[in-house]
Amino acid sequence: MLLHSIAGIFGFVIWLVIILAIVAFLRWSGLNLHKSRYNKKLAGVCGGIGESLGIDPTIIRIIWAVITIYGGSGILAYILACLILPEGY
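Residues numbered from 1 in each chain as written. Predicted model: local features only at pLDDT ≥ 70, side-chain atom pairs only at ≥ 80, totals over all residues. Heavy atoms only, no water.

Draft legend 1. Highlighting the layout of surface pockets. Computed from the structure, the largest pocket encloses a volume of approximately 370 Å³. Along the wall of the largest pocket there are 17 residues; nearest its centre are Ile19, Ile22, Ile49, Trp64 and Ala77. Those elements that place two or more of their residues in the lining of the largest pocket are α1 (2-28), α2 (45-53), α3 (57-71) and α4 (74-84). When the residues that make up the lining of the largest pocket are grouped by side-chain class, the tally is 16 nonpolar, one polar and no charged. For the second largest pocket, the calculated volume is near 190 Å³. What lines the second largest pocket is a set of 14 residues, and nearest its centre among them are Leu42, Cys46, Arg61, Trp64 and Tyr78. Of all elements in the fold, only α2, α3 and α4 reach the threshold of two or more residues within the lining of the second largest pocket. (1 Å grid on protein atoms, 1.4 Å probe; cavity = no way out; pocket = protein on both sides within 12 Å on 5 of 7 lines; lining within 4 Å. Points joined across faces, edges and corners; volume = space filled by probe spheres on them. Helix = DSSP H or I, 4+ residues; strand = E, 2+ residues; numbered from the N terminus. Nonpolar A, V, L, I, M, F, W, Y, C, P; charged D, E, K, R; others polar.)

As structure tokens, this is what we get:
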């Protein structure tokens with residue numbers, strides 16, 4: 001039971017580090033990754049990523065849904081992205 005809890009916390013930390021690394025890389029490369037204020041369904045994460053990358057946010061939402069359905073970790077990644085990404089313009 002304790003080992004299961006430690007594994008869950010470890011997985012959360014891994015996702016946090018991955019998202020922070022992606023945000024840092026994208027800012028370093030000149031892209032300003034953010035949450036969208038206008039193109040949002042839940043919190044604006046997919047809309048902001050689409051705006052930042054110049055991709056239709058619907059494509060980002062479909063990719064995120066596939067990751068969530070098949071991997072299950074898309075929900076956690078979305079929550080972390082929602083907490084980490086700044087509000088856009």
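Draft legend 2. Quick look at the packing of aromatic side chains. Within the structure shown, the criterion is met by one aromatic pair. With centroids separated by 5.5 Å and ring planes inclined at 85°, the aromatic side chains of Trp64 and Tyr78 adopt a geometry described as edge-to-face. With Trp64 in helix α3 and Tyr78 in helix α4, this pair connects stretches of sequence that are 14 residues apart. Pair check on accessibility: Trp64 and Tyr78 agree, each one buried. (Phe/Tyr/Trp six-rings, centres within 6.5 Å; stacked < 30°, edge-to-face > 60°. Buried < 20%, exposed > 50% of the residue type's maximum accessible area, 1.4 Å probe, protein only.)

Draft legend 3. Focus on the nonpolar core. Among the nonpolar cores identified, the biggest contains 15 residues, and Leu33, Val45, Ile49, Trp64, Tyr78 and Leu85 are the most heavily contacted of them. Elements represented by at least two residues in this core include exactly α1, α2, α3 and α4. Of the residues forming this core, the biggest block, four residues, is contributed by α4. Not counting chain neighbours up to four residues away, the residues in contact with Tyr78 comprise Leu42, Ala43, Gly44, Val45, Cys46 and Trp64. (Core = buried A, V, L, I, M, F, W, Y, C linked by side-chain atoms within 4.5 Å. Contact = heavy atoms within 4.5 Å.)

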